[in-house]
Amino acid sequence: QARLVESGGGLVQAGGSLRLSCEASGVLFSNNDMGWYRQAPGKQRELVAKITARSVTNYIDSVKGRFTVSRDNAKKTVYLQMNSLKPEDTAVYYCAVGGRPPNVYTNWGQGTQVTVSS
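First, a word on scope: everything that follows refers to the structure included in this document. (Residues numbered from 1 in each chain as written. Predicted model: local features only at pLDDT ≥ 70, side-chain atom pairs only at ≥ 80, totals over all residues. Heavy atoms only, no water.)

## Some words on the side chain of E6
Piece 1. Tracing the backbone through its elements, the reader meets E6 in strand β1 (residues 3-7).
Piece 2. Within the buried core, E6 has no salt-bridge partner, and the shortest N-O distance to an opposite charge, that of R45, equals 7.3 Å.
Piece 3. Within the local environment of E6, its side chain forms a polar contact with the backbone nitrogen of C95, the two atoms lying 3.1 Å apart.
Piece 4. Those residues within four positions of E6 in sequence are excluded, and the remaining contacts are S21, C22, W36, Y93, Y94, C95, G109, Q110, G111 and T112. (Helix = DSSP H or I, 4+ residues; strand = E, 2+ residues; numbered from the N terminus. Buried < 20%, exposed > 50% of the residue type's maximum accessible area, 1.4 Å probe, protein only. Lys, Arg positive; Asp, Glu negative; His and termini not counted. Salt bridge = Lys/Arg side-chain N within 4 Å of Asp/Glu carboxyl O. Polar contact = N/O pair within 3.5 Å; in protein donor to acceptor, adjacent residues only side chain to side chain. Contact = heavy atoms within 4.5 Å.)

## Overview of the packing of aromatic side chains
Piece 1. Summed over the entire model, instances satisfying the criterion amount to four aromatic pairs.
Piece 2. Here the aromatic cluster, defined as three or more aromatic residues joined through ring pairs, consists of Y37, Y94, Y105 and W108.
Piece 3. The ring of W108 is capped by R45, whose NZ or CZ atom sits 4.1 Å from the centre of that ring. (Phe/Tyr/Trp six-rings, centres within 6.5 Å; stacked < 30°, edge-to-face > 60°. Lys NZ or Arg CZ within 6 Å of the ring centre and 35° of its normal.)

## Things to note about the pattern of salt bridges
Piece 1. According to the stated counting rule, one finds five salt bridges in the structure shown.
Piece 2. Salt-bridge contacts for E46 lead to R38; the nearest nitrogen and oxygen are separated by 2.8 Å.
Piece 3. A salt bridge links D61 to K64; the shortest N-O distance between them is 3.1 Å.
Piece 4. Via salt bridges that share partners, R38, E46, R66 and D89 belong to a single interconnected network.

## Digging into the state of the cysteines
Piece 1. If you walk through the whole model with that rule in mind, you get one disulfide.
Piece 2. Across the disulfide from C22 sits C95; the S-S distance is 1.8 Å. Judged by the sign of its S-S torsion, about 60°, the bond between C22 and C95 is right-handed. Here C22, found in strand β3 (residues 18-25), pairs with C95, found in strand β9 (residues 91-97); they are 73 residues apart in sequence, far enough to count as distant. Neither residue differs from the other here; C22 and C95 are each classed as buried. (Disulfide = S-S within 2.5 Å.)

## Examining the sheet that holds strand β5 (residues 46-51)
Piece 1. Across the sheet, six strands lie side by side as β2-β10-β9-β4-β5-β6; this open sheet has mixed pairing. The strands lining the two open edges of the sheet, one partner per strand, are β2 (10-13) and β6 (57-59). Recorded for the sheet is a direction-independent mean angle of 25° between the axes of neighbouring strands.
Piece 2. As judged from the five bridges shared by strand β4 (residues 34-39) and β5, these two strands associate in the antiparallel manner. Paired with W36 across the two strands is A49, which belongs to β5. (Pairing = 2+ DSSP bridges. Axes fitted to C-alpha atoms, helices over the stretch in contact; angles between N-to-C directions.)

## What about the nonpolar core?
Piece 1. In terms of nonpolar packing, the biggest core is built from 27 residues, with M34, W36, F67, V78, L80, M82 and Y93 touching the most fellow members.
Piece 2. Listed by contribution, the elements that provide at least two residues to this core are β3, β4, β5, β7 (67-72), β8 (77-82), β9 and β10 (112-117).
Piece 3. Residues Y37, V92, Y94 and A96 belong to the second largest nonpolar core, which totals five residues. (Core = buried A, V, L, I, M, F, W, Y, C linked by side-chain atoms within 4.5 Å.)

This is the structure:
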């Protein structure tokens, strides 16, 4: 069973940057798509960025041009570089194997909190 550990969150001012990491174990990482998700208070979890096994990337419109997803198969780690952060990016960020719609998952890691102050 896959185990995912997210890290790298924190408190940052608007316009700042953060780099999130998600280290995977118990899964054949290089063969799988990976997704970054976020859940803001009072809102549903959403898929923010996805990277396929072949490193094709996709983003939701609100983060295009600001966020970059990448992966290091040797380290079994997927990253989310977040630049030009906005207060509306404040959320708990999670990763998941497969990059599927969030409602198909029943288990999540602990996530990492990102708070952007105005």
